[in-house]
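Each chain is listed here by its residues.
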Amino acid sequence: MQQQARRLWLKQSLLAAAGISMGSQLFGRNYQCDEPLIYTGPADHLIKIGSNENPYGPSPLAVAAMQKAVASSNRYPWEITTQLRKKIGSQYGLTEAHVLMGAGSSELLGLVSAYAGRNKGNVVTGYPTFKLWFTAAENFGLQIKKVPLTNDKVHNLPAMLQAMDANTQMMYIVNPHNPTGTIVAKEALQNFIEEASKKTLVLLDEAYTEYSDEPSLGHLVANNKNLVVAKTFSKIHGMAGARIGYILAHPDTIKALSAWQPWSNAGAGTAALAGALASIDDLDFQKSCRQKNDAVKALVLPAMQQLGIQVIPSYTNFIYYNTSNYPADVAAITQAAGISGVRIFEEGTNWRRTSIGTMDEMKKFIEVLNKAAK
């Protein structure tokens, strides 16, 4: 059965390659990003606050572990992969059989989308949302059914359930949400997952859980074969460039999904795995990053509101805000000042998302906004 699934994956991949570029188009960017086209200063002075990266990481322990692991990169990382899967599983009261590794959670979102698309149909998602996986889903036969968020930029759970039909192959939800930074409370989300998973696969993206007080729902996969929880080391762990993430699912679901990889847990390299293994135990680093992020956020949000900018309360390491009442072009003034990171996720609106950088970086951001508003 595994060999048949691998052959199907290879066949679909080759068909996709015949019509599109697997690199830039299969996982093609579907968001609007204001690039730093105006700034002419030194490149190393550019402030990058556009991709929700952790400006403080990786953890020193992770860096040391990755440096040491480079020397053994001539060997396949099977042993350390197993160690990491066991460590991850234990955090959620699960086993290594509940964990599948990949090169960042984005790769795994694409993997789950491709798996869901094997029977064609549609996927239901709140909108706007993180949509890097949209192209993969569409290329593997899924129609994207976008359900607008509420006026408070929160998932409209009843409307999402109502949007499901007999052809729905997957439900996707991000909590805390990207790009709006909002949350769905634990009880409401659990009830939603229980109801939706009776009919379809539910993909829960928890990239930003560590920045909020909301607990992970990863433990629910133990008794739910239709729930997949995606996690990443790119955010609180500060390892976006290392490319390592994982999904949690029932062992039967993990087995079905891993058949769509070249081999199980194939995506992450030795150095990334070693860094992740060290970072998991560096709780002081994670706590410090959360505290710094909260402190900067406490400064930035009120400062923006004083300028007449509507800001959505954020439970993440980024800010979602509306510049309709702001007198200047935020993209232009920030670019000119060497700040890259103003993104639009709702076309035709003035809603924007900007990541939270260091205290100094965000003071510069506020300084630019204040100066242009005078």
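Thresholds applied
- Residues numbered from 1 in each chain as written.
- Predicted model: local features only at pLDDT ≥ 70, side-chain atom pairs only at ≥ 80, totals over all residues.
- Heavy atoms only, no water.
- pLDDT = per-residue confidence, 0-100.
- Contact = heavy atoms within 4.5 Å.
- Helix = DSSP H or I, 4+ residues; strand = E, 2+ residues; numbered from the N terminus.
- Phe/Tyr/Trp six-rings, centres within 6.5 Å; stacked < 30°, edge-to-face > 60°.
- Buried < 20%, exposed > 50% of the residue type's maximum accessible area, 1.4 Å probe, protein only.

**Let's talk about the confidence of the model for the protein**
Looking at the protein, pLDDT values average 90 and 88% of them are 70 or higher. The model gives residues 1–37 a pLDDT under 50, and that stretch makes 57 contacts with residues more than four places away or in other chains.

**Focus on unusual backbone geometry**
The amide bond that connects Tyr127 to the next residue, Pro128, takes the cis arrangement and shows omega of 5°. Residue placement: Pro128 occurs in the loop between strand E4 (121–127) and helix H5 (134–139). Between Asn175 and the following residue, Pro176, the backbone shows a cis peptide bond with an omega angle of -5°. Topologically, Pro176 is positioned in the loop between strand E6 (168–174) and helix H7 (186–196).

**Digging into the packing of aromatic side chains**
Following the criterion strictly, the structure yields eight aromatic pairs and no others. Where Tyr76 meets Trp263, the ring centres are 6.0 Å apart and the plane angle is 90°; that geometry is what we call edge-to-face. You can see Tyr76 sitting in the loop between helix H2 (60–69) and helix H3 (78–91) and its partner Trp263 sitting in the loop between helix H8 (251–258) and helix H9 (270–281), a full 187 residues away along the chain. The exposed category is assigned to Tyr76, whose relative accessible area is 53%. Aromatic pair Phe233 and Tyr246: ring centres 5.8 Å apart, planes at 55°, arrangement tilted. Taken together, the residues Phe233 in the loop between strand E8 (227–232) and strand E9 (245–248) and Tyr246 in strand E9 connect sequence positions 13 residues apart. Just as Phe233 is buried, Tyr246 falls in that class too.

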